[in-house]
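Observations on the model geometry
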Amino acid sequence: MTIIRNQQEITPAVQKVMAQTTDPRLRAIMTSLISHLHGFVRDVQLTETEFQQATKILNTMGQQSNDKHNEFVLMAGSLGVSSLVCLLNNGDKGTTETTQSLLGPFWRMNQPLTENGGSILRSDTPGPRLYGTFTFLDQDGRPIDALEVDIWHASPVGLYENQDDTQAEYNLRGKFMTGPDGIVRFKSVKPIGYPIPTSTTVGTLLAAQNRHPYRPAHVHVLAHKAGFKTLINQTYVDETDYLASDVQFGVTEALIGKLEKHTGPHPEDGEVGDWYTLEHRLTLEPGESRLPIPPIK
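The present account deals with the structure reproduced in this document. (Residues numbered from 1 in each chain as written. Predicted model: local features only at pLDDT ≥ 70, side-chain atom pairs only at ≥ 80, totals over all residues. Heavy atoms only, no water.)

**Points about the overall build of the protein**
The following threshold applies: Helix and strand assignments come from DSSP, with helices taken as H or I runs of at least 4 residues and strands as E runs of at least 2, each series counted from the N terminus. The rule is simple: take the accessible area with a 1.4 Å probe, protein chains only, and divide by the maximum for that residue type; under 20% is buried, over 50% is exposed, in between is partly exposed. Contacts are residue-level and defined by heavy atoms, with any inter-residue pair within 4.5 Å sufficient. Each accessible area is a Shrake-Rupley result for a 1.4 Å probe, and residues are judged covered by the shown protein chains and nothing else.
Scanning the protein from N- to C-terminus turns up 7 helices and 10 strands. In terms of overall dimensions, the protein has a C-alpha envelope of 80 × 40 × 30 Å along the principal axes. Residue burial in the protein is summarised as follows: out of 297 residues, 43% are buried. Considering only residue pairs separated by 6 or more positions, the protein has 72% of its internal contacts joining residues 24 or more positions apart. About 16000 Å² of surface is accessible on the protein, with carbon and sulfur atoms providing 56% of the total.

**Some details on the packing of aromatic side chains**
Cut-off, in case you're wondering: Here a pair means two rings of Phe, Tyr or Trp (six-membered ring of Trp) with centres within 6.5 Å. Their orientation is stacked below 30 degrees between planes, edge-to-face above 60, and tilted elsewhere. Placement of a positive charge over a ring is assigned whenever Lys NZ or Arg CZ falls within 6 Å of the ring centre and within 35 degrees of the normal to the ring plane.
All told, the structure shown has 6 aromatic pairs when counted by the stated rule. Ring geometry for Phe176 and Phe186: centres 6.4 Å apart, planes at 50°, overall tilted. Note that Phe176 is positioned in strand S3 (residues 173-177) and Phe186 in strand S4 (residues 183-189), a separation of 10 residues in sequence. Each member of the pair, Phe176 as well as Phe186, is classed as buried. Members of the aromatic cluster, connected to one another through ring pairs, are Phe106, Tyr160 and Tyr194. Lying across the ring of Tyr170, Arg108 places its NZ or CZ 4.1 Å from the centre.

Below you can see the structure in the form of structure tokens.
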């Protein structure tokens, strides 16, 4: 260990210690982290007061995270980090389109098993009816049978069921299985674009940057089966300007589903008022079927 004489010597001293890390991947990550982190401090000439404020912000973000809210996931999306990690690791390492996208902070495990074509409405949820048809294919365009698929989305007032005591447990959430055609059909209500929480650290950042807090309307998908990399997807259904200004930087062309409005009776459900269909084709890559860490309980 070297006695530090000046600021130029601190980075090499820390890097020397990082080089002792046994795990090669962790060693590479920590070595690069120190290089960029120290470089950032020098680049902006970080003051002592700003450093104290930064550590306070991180502490506050931890305090703002709980069983129903994950502030760090929300911040990662708001800085574009979540999308960057996704695009770097999918679509042939970012060279082709992909229907992989962000997990988001509201996925829950053990969603209720629902028959294919069934409804994910578990409490009275006003809004235009939505009929979804999602087709799941392998990279050769063949349908994937016996694929387990979670579907979930926010209500027409922009709240997920865990955020809203007026909604039943697991409302607008369901688990489906594909058949030989690789298709999942579900009934729901049309979601809307909604603001992310603005009463926490992320909201303070958005206000300082003069950014709106809105996400375009979307339906979440998580699909997995042995032999395939778990598909995490957000299928966007909104036609508004938020598609081009998503606060979480999550929208790509490959993620926009085909949304159509219909009038007249529904072929199966009769008079339901105006109703919508949402269709999308999603592709799974070969790989390991592994569930992500749930951001909430």
